[in-house]
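# Overview (structure and organization)
So you can see what is in the structure, the chains are spelled out below.
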Amino acid sequence: AKSMEYPVMVKPRFGMGSLGISKAFDKTEMKVLYGICQRSIEESYLKYEAASCPKECVLLQSCAEGNEYGLDVVNDLSGRYMTTVVKRKLAMRAGETDEAVTLSPEDPEYGALSELGKAISAGFAHVGIMDVDVILNPENMRPYVIDMNARFGGGYPFSHLAGMDLPRAYVAWAEGKEAEPAWLTPKPHVHGYKDIRIKRREALA
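Definitions and limits used
Residue positions are counted from 1 within each chain, in the order its sequence is given. Reporting of local features is limited, given that this is a predicted model, to residues whose pLDDT is at least 70; pairs of side-chain atoms are given and counted only at 80 or more, and all residues count toward the totals for whole chains, interfaces and linings. Excluded from the side-chain calculations are hydrogens and water; all other atoms, namely the structure's heavy atoms, are used. Following DSSP output, two strands are said to pair if at least two bridges run between them. Secondary structure elements follow DSSP: runs of H or I of four or more residues count as helices, runs of E of two or more count as strands, with numbering from the N terminus. A fitted line through C-alpha atoms serves as each axis, taken over the contacting stretch for helices, and the angle formed by two N-to-C directions is quoted from 0 to 180°. Any two residues having at least one pair of non-hydrogen atoms within 4.5 Å are treated as being in contact. A score between 0 and 100, pLDDT records how confident the predictor is in each residue. Only protein chains enter the accessibility calculation, which uses a 1.4 Å probe; a residue whose area is less than 20% of its type maximum is buried, one above 50% is exposed, and one in between is partly exposed.

Two pairing modes exist for strands in a sheet, parallel and antiparallel, and in both the strands are linked by backbone hydrogen bonds. Spatially, six strands are ordered 8-7-4-5-6-9 in an open sheet, and the strand pairing comes out antiparallel. Among the strands making up the open sheet, the edge pair consists of strand 8 (143-149) and strand 9 (191-193). Between one strand axis and the next, the sheet turns by 30 degrees as a mean value, whatever way the strands run. Contacting strand 4 (67-75), strand 5 (81-93), strand 7 (129-136) and strand 8, helix 3 (residues 110-124) runs over the sheet at an angle of about 120 degrees to strand 5. Seen against the sheet, helix 5 (residues 166-174) touches strand 4, strand 5 and strand 7 and runs at an angle of roughly 20 degrees to strand 4.

Bringing the confidence of the model for the chain into the picture now. The pLDDT averaged across the chain works out to 90; a share of 97% of its residues lies at or above 70. For the chain, helix 2 (residues 46-50) is the element with the lowest average pLDDT, namely 85, and helix 5 is the one with the highest, namely 97.

Sheet analysis places strand 4 next to strand 5, joined by seven bridges and oriented antiparallel. Note that in strand 5 the partner of Tyr69 across the bridge is Arg88. Hairpin connection, strand 4 to strand 5: the antiparallel pair is bridged by five residues, and Gly79 has positive phi, about 85 degrees. Linking two consecutive strands that pair antiparallel, namely strand 5 and strand 6 (residues 96-102), is a turn of two residues; a positive phi of about 55 degrees is found at Ala94 within it.

So, about the pairing of strand 7. The element strand 7 is extensively covered by neighbouring structure, given that eight of its eight residues are classed as buried. A two-sided burial pattern is seen for strand 7, the buried positions comprising Ile129, Asp131, Asp133 and Ile135 on one face and Met130, Val132, Val134 and Leu136 on the other. Of the strand pairs in this sheet, strand 4 and strand 7 are connected by eight bridges, and their pairing is antiparallel. When the bridges of strand 7 are listed, Tyr69 appears paired with Val134.

Written out as structure tokens, the structure is:
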């Protein structure tokens with residue numbers, strides 16, 4: 001990694017909840033953190049996914065500067081592109097989106113991110129939803145993909161809050177029907193956040 005530019009992110013290839021992620025500012029730190037990341041994988045539930053490629057279970061990723069966005073790249077059950085929902089992340093917690101706002105085509109960053117979603121759909125032809133985390137450089141509007149999950153991610157509730165109903169679309173597709181456009185079109189500029197509400201169970205008599 002002689003040509004590597006620091007700092008770099010050291011992270012599990014198959015990660016969740018920011019487990020094992022750290023930032024290395026030089027080659028010495030990178031080597032140490034690489035070993036720590038490997039141990040974190042071996043000592044956690046991440047070891048099951050990593051078993052498929054134990055020698056390639058740690059990633060070194062360039063640090064990207066900019067604002068973070070979440071994309072829901074939606075295909076139908078045949079892998080046909082349906083839509084890309086773009087959300088600006090406003091707060092994160094334990095690797096999961098804690099606060100976000102849905103964007104509209106009029107927002108300046110929407111175009112580049114929507115096109116990225118189409119490219120991801122074409123490249124993977126995945127079934128259903130692909131949860132994608134992106135850093136967008138505000139100066140050149142260049143997007144950097146930092147994470148991808150072929151499943152519902154922690155950012156989907158913000159799309160659902162804004163009116164999207166992907167589970168309902170899944171049911172329709174499974175029955176051989178078309179999804180209603182409204183189920184795949186969340187309202188723009190819906191600002192949501194996750195909250196923890198404590199509920200106490202009454203003592204048993």
